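Here are the chains, one letter per residue:
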Amino acid sequence: MPSKTVNREERAPLVIVGMALAAVLFLNLPVFIIFVYAFTTDSQTFTFPLPGLTTQWFGIAAGRNDLWEALGLSIRVALLATVLAMLLGTLAAAAVSRSKFFGREAVSFLLVLPLALPGIVTGIALRQTMGVLDIPFSFFTIVVGHATFCMVIVYNNVLARFRRMSWSIMEASADLGANSWQTFRYVLLPSMSTALLAGGMLAFALSFDEVIVTTFTAGQDSTLPIWIFSQLTRPRDRPVTNVVALFVVLIMAIPILLSYRISQRDGETQLNR
Amino acid sequence: MKTTAALPRSPIQRFSNFLYAHPALGLALLLGPPLVWMIGIYLSSLFTMLVQSFFRLDDFTGQIVREFTLSTYAQLFTASNLDIVQRTAGMATAVTLATLLIAFPLAYYMARYASTRAKGFLYLAVTLPLWSSYLVKVYAWKLILAKEGILSWVIGQLHLTAGMDWLLGIPTIGGPSLSISPIGIFLVFVYVWLPYMILPIQAALERVPKSLLEASGDLGAKPAKTFRHVILPLAFPGMVAGSLFTFSLTLGDFIVPSVMGNSSFYIGQAVLSHQGTSGNIPLAAAMTSVPLLIMAIYLILARRLGALDAL
């Protein structure tokens, strides 16, 4: 006669299962619409059901020079911003994880600010500073903005790794006669490389997709997101935009899934922003 | 046999030893570059912007008058600008509440009921949409909500078109179609920021020890009471951390309102037009300080509540 039932293996109430399932579907279904519309024959409206199917827009998109230029710029910006973010983010993570110093909390706080504050704040601040200092728009002004908010992504990933590592292996390395460079090259780098790589991939994805800060730092140059945004507000090439959207989804899946694989293998999951 | 291992030989070796003996110097070398970047570029830019917000634009010459004045801030209190601030803050609040309601059950399920495998799957189901292209997500909704698009078609098949027309007919939130209305803006915001709410709540709930829930039950609390007095308070920091993002991201976004909106501006759009076409840089700066101020207050409160540890 159990007076009190102790449920070790609780079953989730149906309401919660239903609401959770609804949220998952809501999150994941909408992007699939992109896969459908890339093949529509309709070039003027977004009519559903599609009037017909075609693959002609892929060829037309591939022949557009403005798209290739935007893609090239986006990739170059993302690569340089990622390298900068990896360098600076790792240095900051090493400093914060190794020693306790006054203002250590403030460093973490400062690094997360560009992502925690509205994007327009970073954008306007950089734009106005460029105005005051008479710095013209260039490739590098875009990179500076991107590296600023990408840094924290690398920082978070590498810091998580450093916290799990034992620093005594560094001392062991030094005791065995290795100098700083050798310790870095043969001990530290191998043990942090996957975290660094995962962080770098995410930083690349973040930069490749950024539009708000870029609007203020790019001037006349068009990155791929800027090109898409201009098509969203003033649609001129709807079918080409559909194809570009599909292409962007596929491109961005690569660094994200790689980063997920890497961190999962190490028992870390740091896909939070 | 003579050993020389203890003696510095190469310059690198000597440098290593020197760093080991002077940890503060090593720290400065590590911390220097990122700090110089963040302070020299980021914080000083924020400061420049704040300084500009205390200048004003001469209406006749169109030049910026570089003298301290609060008149630019006073302009924020004109009816049309107050309207913009209110509309944006109202939207941010509505979006935050809606994401909370949708996010909580999923986060709760992930933390409490999901098996390890299911948890991994759900984690991907939340983070993949988070990391897929922001603009493409907005574009997908433009396609879904278009007057001739899939949602109208589904609603038509269900014979609910009259209901949607009624909804679109409501003055302040309606519009010609879902893809050009405040309802549309709201839906897209909820969609794009939802993962930012789920992850911190899940992280917070993940840290609630199972024994605590059992203890609450053993002491006679019904599940509803345990939820109200044990789970909810422990999830609260996560909810604050999530709302920090949903609120902040909505305040500073000009993409969604430009794509889905009508002619009523949100803060981001107003800032963009002051900075760009009308060249009123001081007003753009002052207007940007509104979300900055709101977020500063929010961040300070969140730190007090320990919500930032949940990030």
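So, here is what we can say about the structure in this document. Bear in mind the structure is a predicted one, so any value in this text is a computation, not a measurement. (Residues numbered from 1 in each chain as written. Chains lettered and ligands numbered in written order. Predicted model: local features only at pLDDT ≥ 70, side-chain atom pairs only at ≥ 80, totals over all residues. Heavy atoms only, no water.)

**A short note on the overall build of chain A**
Line of reasoning, step 1. For chain A, the helix and strand inventory stands at 12 helices and 0 strands.
Line of reasoning, step 2. Taken from the N to the C terminus, the helices and strands of chain A come in the order α-α-α-α-α-α-α-α-α-α-α-α.
Line of reasoning, step 3. Whereas a compact globule of 273 residues would reach a radius of gyration of roughly 19 Å, chain A reaches 24 Å, over 25% beyond that.
Line of reasoning, step 4. Dimensions of chain A, computed from C-alpha atoms along their principal axes, come out at roughly 80 × 70 × 35 Å. (Helix = DSSP H or I, 4+ residues; strand = E, 2+ residues; numbered from the N terminus. Rg over C-alpha atoms; globule rule 2.2 N^0.38 Å.)

**Remarks on the overall build of chain B**
Line of reasoning, step 1. A count of helical and extended segments in chain B gives 14 helices and 2 strands.
Line of reasoning, step 2. C-alpha extents for chain B along the principal axes are approximately 95 × 75 × 40 Å.
Line of reasoning, step 3. Looking at chain B as a whole, 49% of its 311 residues are labelled buried.
Line of reasoning, step 4. Sequence separation of 24 or more characterises 67% of the internal contacts of chain B that already satisfy a separation of 6 or more.
Line of reasoning, step 5. Accessible area of chain B: about 14800 Å², with a carbon and sulfur share of 70%. (Buried < 20%, exposed > 50% of the residue type's maximum accessible area, 1.4 Å probe, protein only. Contact = heavy atoms within 4.5 Å. Areas by Shrake-Rupley, 256 points an atom, 1.4 Å probe, with all protein chains shown as cover.)

**A closer look at the interface of chain A and chain B**
Line of reasoning, step 1. Contacts between chain A and chain B engage 93 residues on the former and 89 residues on the latter.
Line of reasoning, step 2. Here chain A meets chain B over a buried area of about 8400 Å², counting both sides, of which 76% is carbon and sulfur.
Line of reasoning, step 3. Inspection of the chain A/chain B interface yields 0 salt bridges.
Line of reasoning, step 4. Along the contact surface separating chain A from chain B lie 11 residue pairs in polar contact (both at pLDDT 80 or more).
Line of reasoning, step 5. Residue composition of the side of chain A that touches chain B, grouped by class: 65 nonpolar, 18 polar and 10 charged. (Buried area = accessible area lost by both parts, 1.4 Å probe. Salt bridge = Lys/Arg side-chain N within 4 Å of Asp/Glu carboxyl O. Polar contact = N/O pair within 3.5 Å; in protein donor to acceptor, adjacent residues only side chain to side chain. Nonpolar A, V, L, I, M, F, W, Y, C, P; charged D, E, K, R; others polar.)

**Here's the deal with helix H6 (residues 134–145) of chain B**
The α-helix advances 3.6 residues per turn, and as a result positions three or four apart in sequence lie on the same side.
All names here are of chain B.
Line of reasoning, step 1. When the terminal C-alpha atoms of H6 are compared, their 17 Å separation across 12 residues agrees well with the 16 Å that a helix rising 1.5 Å per residue should span.
Line of reasoning, step 2. Of all 12 residues that make up H6, 12 are buried, and the element is covered over most of its length.
Line of reasoning, step 3. Within H6, burial applies to Tyr134, Leu135, Val136, Lys137, Val138, Tyr139, Ala140, Trp141, Lys142, Leu143, Ile144 and Leu145. (Expected span 1.5 Å × (residues − 1).)

**Points about the side chain of B:Thr48**
Line of reasoning, step 1. For B:Thr48, the location among the structural elements is in helix H2 (residues 23–53).
Line of reasoning, step 2. A relative accessible area of 17% means that B:Thr48 is categorised as buried.
Line of reasoning, step 3. Once residues lying within four places of it in the same chain are set aside, the contact partners of B:Thr48 are A:Thr129 and A:Val132.

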